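So the chains spell out like this:
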Amino acid sequence: MKKLALIIFVALTACQSKKNETEMTDTTSVMSADTVATATKPSTDETLCFELKEGKDVTTVKLIMKGDEITGEMNWTPWEKDGAVGTLKGKKVGDEIVADYDYMIEGSNQSEEKIFKIDGEKLLIKEGELIEGKDGKLIMKDPAKAKFKETLVKVSCK
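Residues numbered from 1 in each chain as written. Predicted model: local features only at pLDDT ≥ 70, side-chain atom pairs only at ≥ 80, totals over all residues. Heavy atoms only, no water.

Looking at unusual backbone geometry
A negative phi holds for most residues other than glycine; trans holds for most peptide bonds.
Alright, step 1. Despite not being glycine, E106 has its phi angle at roughly 50°, a positive value.
Alright, step 2. Note that E106 resides in the loop between β5 (96-105) and β6 (108-119).
Alright, step 3. On the basis of relative accessible area, E106 is assigned to the exposed category, the value being 62%.
Alright, step 4. Non-glycine residue D135 carries a positive phi angle of around 60°.
Alright, step 5. Its location among the elements puts D135 in the loop between β8 (130-132) and β9 (138-140).
Alright, step 6. Using a relative accessible area of 80% as the deciding quantity, one classes D135 as exposed. (Helix = DSSP H or I, 4+ residues; strand = E, 2+ residues; numbered from the N terminus. Buried < 20%, exposed > 50% of the residue type's maximum accessible area, 1.4 Å probe, protein only.)

Quick look at the state of the cysteines
Alright, step 1. Using the criterion set out here, one finds one disulfide in the structure.
Alright, step 2. Note on cysteine connectivity: C49 is disulfide-linked to C157, with sulfurs 2.0 Å apart. On the S-S bond that ties C49 to C157, the torsion sits near 115°, and the link is right-handed. Taken together, the residues span a long stretch of sequence, with C49 in strand β1 (residues 45-54) and C157 in the segment after β10 (147-155) at a distance of 108 residues. (Disulfide = S-S within 2.5 Å.)

Here it is as structure tokens:
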């Protein structure tokens, strides 16, 4: 009888030991996969700066990208005239960036929808007919008909 009890005990202990090894192996592989995924995940945080010089007029755009979230600033500085200085806040939607441009022009605050597209070393700005939307923000009447007309080139951020 003692021999039978010893055999059952050894069998149960062996089964329990095998189960623990399987659980540890499964947990270890999951942890390793998570660790590898985190370590190899590419950073999507990036700051890019662009500029357009037309004669003595200068337009600059700085984009700070954190995943699909975009913030930054845009400044239009025409020669010997009042310009527009403001901030950008938006999202990347497909290959376009749709942002609210809140700026000061001629002493007044204004808000306008801006649509950008990064094309290699260039930043393209879509232009089209604007209408007043809710809260007084200027929005594109028909973004599908608007065209990318303004092209800024990539420069180092200062």
